[in-house]
Amino acid sequence: MELLLIPLAGLWSMDRSTAFNFMISRPLVVAAVIGGISGNFIWCFAGGILFEIIGLMDMPVGTRISRDSTFAAFVFAYVIAHLPVVTTEYCFFTLIIAYVLVFPATYSIVFTRWINKKLYQRSPHRESFLIWTGQAIAFARGVIVYAGGAVLISWLIEYAAGRLIVPSVSFLWLVIFFCFLAGYFSGFLTASMRLKIALLLLGGAFAWLIL
Amino acid sequence: MANLISIFLLIVKSFFYQGNYNTENMQGTGFAWLARPILKRRGITLSEEHDKELGAYFNTNPSFVTALLGIFLKECQNGNNGIMAKNAYSSAFAALGDSFFWHALRPLLCFVSIFLVLYVSPWGIAIYPIVYGGFHILFLFFGGLVGSVLGLNTITLFNRFRFKEWANIVDKVSIFIIGALIVKGLEYSSSYEASDNMLLVTVLAFAAFIGGVFVYNKVSRPVFAMGLLILLLATLGAVGGYNIWIQ
């Protein structure tokens, strides 16, 4: 079942940059699927939520390449799913590592676009060849960067586990962090400040009283 | 029937048209890849200059590529400059797509699927790709049909749907769902570790939300990204001390 993650990594990379456009590569979906396959669903999903909100504000408008939040979710969920014992401390530690590594992972998209450009300049009229080569490159990027990166980081964390003291962080801290990110994200949404607070309190009251 | 099959095949083909996405002609190769076989089938011959420009710079929202293809073919069939129509309308459809798909549908589906996973079933996550993919296919199907019939008037029809206003409503629904999610998060945290003062925790969560809104309004994106990283590291240090590595 775990081997399924290798082709999935390729497909997620394609969905993110070159094919489908079905949002199967969103951090939320990626983290939930890995959590479902490998275990520790709720922790994987919690990380997916945080990366999803960060990713939602980062729109690929025009030539802009948004940061590869799919990679962050993949790495985070894979590592968390493979920890022998999941603690909030290691979740938090992995969250930071995944967030930092998003930047080199995003550069791999820049690199694949550069390869596509070179291929196009060499033979601009071989459209079928260019399209399917591009798909293969995107698939390979997913397998190498997502799956390869996740396994490598998982080994590193396993190696460090005995030597590292990770400070105590509560689950509550993650929830507060989610609130902060949600607030930041809501700045991106169109509504007056008063209306935002009123709707937020209404939503909270609805969940508290009814659900 | 044959027409429906060819539309279906075109939609499936359009799932892959961004394969050669690059920094020079963006999705231009993909557009030429979609257009060339149809031009050949319909017996439309482009001038040498236009043929060269078919694969030149092109960039739009992927859900509207068939609409632009339809407009391009309609213009070519009428003996007009299809290349100019394609270039002129690609940005307009990109803006429509950004407004509806990126700004409205994606955040809404994100919060709805989180809500469903936490309150109903883990399978609720499937809502995200299924609904988004459904809209994507719907727009590809109707966009292609409408584009090839209405030509340049296609954008007028799409503008009647007032996608920007949808985004405004969806934004408000998203904030409402965020409120419900915060309450669920606090409930989860109280089940993980007994909280002494739930009122204090709720106030803290609310303050963090307001802090987030404030930071969005006052701080630029790169500073935010760096600040977030520093905040994470500082918390890590403050909570646990600086001596991370030991023998």
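Residues numbered from 1 in each chain as written. Chains lettered and ligands numbered in written order. Predicted model: local features only at pLDDT ≥ 70, side-chain atom pairs only at ≥ 80, totals over all residues. Heavy atoms only, no water.

With that out of the way, let us pick up the domain arrangement of chain B. As a measure of interface size, the accessible area lost when the parts come together is often cited. Residues and elements named next belong to chain B. According to the domain assignment, chain B consists of domain 1 (2–194) and domain 2 (198–240). Taken residue by residue, the interface counts 4 residues in domain 1 and 5 residues in domain 2. Both sides together, the interface formed by domain 1 and domain 2 hides about 360 Å², and carbon and sulfur atoms give 94% of it. The tally of links between domain 1 and domain 2 comes to 0 salt bridges. Inspection of the region where domain 1 meets domain 2 yields 0 residue pairs in polar contact (both at pLDDT 80 or more). Looking at the side of domain 1 that touches domain 2, its residues break down into 3 nonpolar, 1 polar and no charged. (Domains from an automatic or database assignment. Contact = heavy atoms within 4.5 Å. Buried area = accessible area lost by both parts, 1.4 Å probe. Salt bridge = Lys/Arg side-chain N within 4 Å of Asp/Glu carboxyl O. Polar contact = N/O pair within 3.5 Å; in protein donor to acceptor, adjacent residues only side chain to side chain. Nonpolar A, V, L, I, M, F, W, Y, C, P; charged D, E, K, R; others polar.)

This part is about the packing of helix H2 (residues 27–38) of chain A against helix H4 (residues 69–82) of chain A. Residues and elements named next belong to chain A. For the pair H2 and H4, interaxial distance at closest approach is 8 Å and the crossing angle is 20 degrees. One way to sum up the angle between H2 and H4 is to call them roughly parallel. Judged by the twist between their axes, the crossing of H2 over H4 is right-handed. Here Pro27, Val30, Ala31, Ile34 and Ser38 of H2 lie close against H4, whose contacting residues are Ser69, Thr70, Ala73, Phe74, Ala77, Tyr78, Ala81 and His82. Within the contact of H2 with H4, the residues separate by chemical class into 9 nonpolar, 4 polar and no charged. (Axes fitted to C-alpha atoms, helices over the stretch in contact; angles between N-to-C directions. Helix = DSSP H or I, 4+ residues; strand = E, 2+ residues; numbered from the N terminus. Parallel < 35°, antiparallel > 145°, perpendicular 65-115°, else oblique. Left-handed = near helix turned anticlockwise from the far one by under 90°.)

Moving on: unusual backbone geometry. Trans peptide bonds make up the majority, and among non-glycine residues the majority have a negative phi. All names here are of chain A. Positioned with a positive phi, Asn21 is a non-glycine residue whose angle comes to about 60 degrees. Note on placement: Asn21 falls in the loop between helix H1 (5–17) and H2. Positive phi, close to 70 degrees, is recorded for Met23, a residue that is not glycine. For Met23, the location among the structural elements is in the loop between H1 and H2. By relative accessible area, Met23 is classed as buried at 5%. (Buried < 20%, exposed > 50% of the residue type's maximum accessible area, 1.4 Å probe, protein only.)

What follows deals with the interface of chain A and chain B. Contacts between the two partners involve 88 residues from chain A and, on the opposite side, 89 residues from chain B. In total, chain A and chain B occlude about 8,500 Å² of area from one another, counting both sides; carbon and sulfur atoms represent 76% of this. In terms of surface lost to chain B, no three residues of chain A exceed A:Phe22, A:Tyr184 and A:Leu200, which account for 8% of the buried area on that side. For the pair chain A and chain B, the interface holds 1 salt bridge. One salt bridge in this structure joins A:Glu127 and B:Arg36, with 2.9 Å as the shortest N-O distance. At the junction of chain A with chain B, the criterion picks out 12 residue pairs in polar contact (both at pLDDT 80 or more). Counting only elements with at least two residues in the side of chain A that touches chain B, the list comes to H1, H2, helix H3 (41–56), helix H5 (88–122), helix H6 (127–161), helix H7 (171–187) and helix H8 (193–209) of chain A. For the side of chain A that touches chain B, the element with the highest residue contribution is H7(A), accounting for 16 residues.

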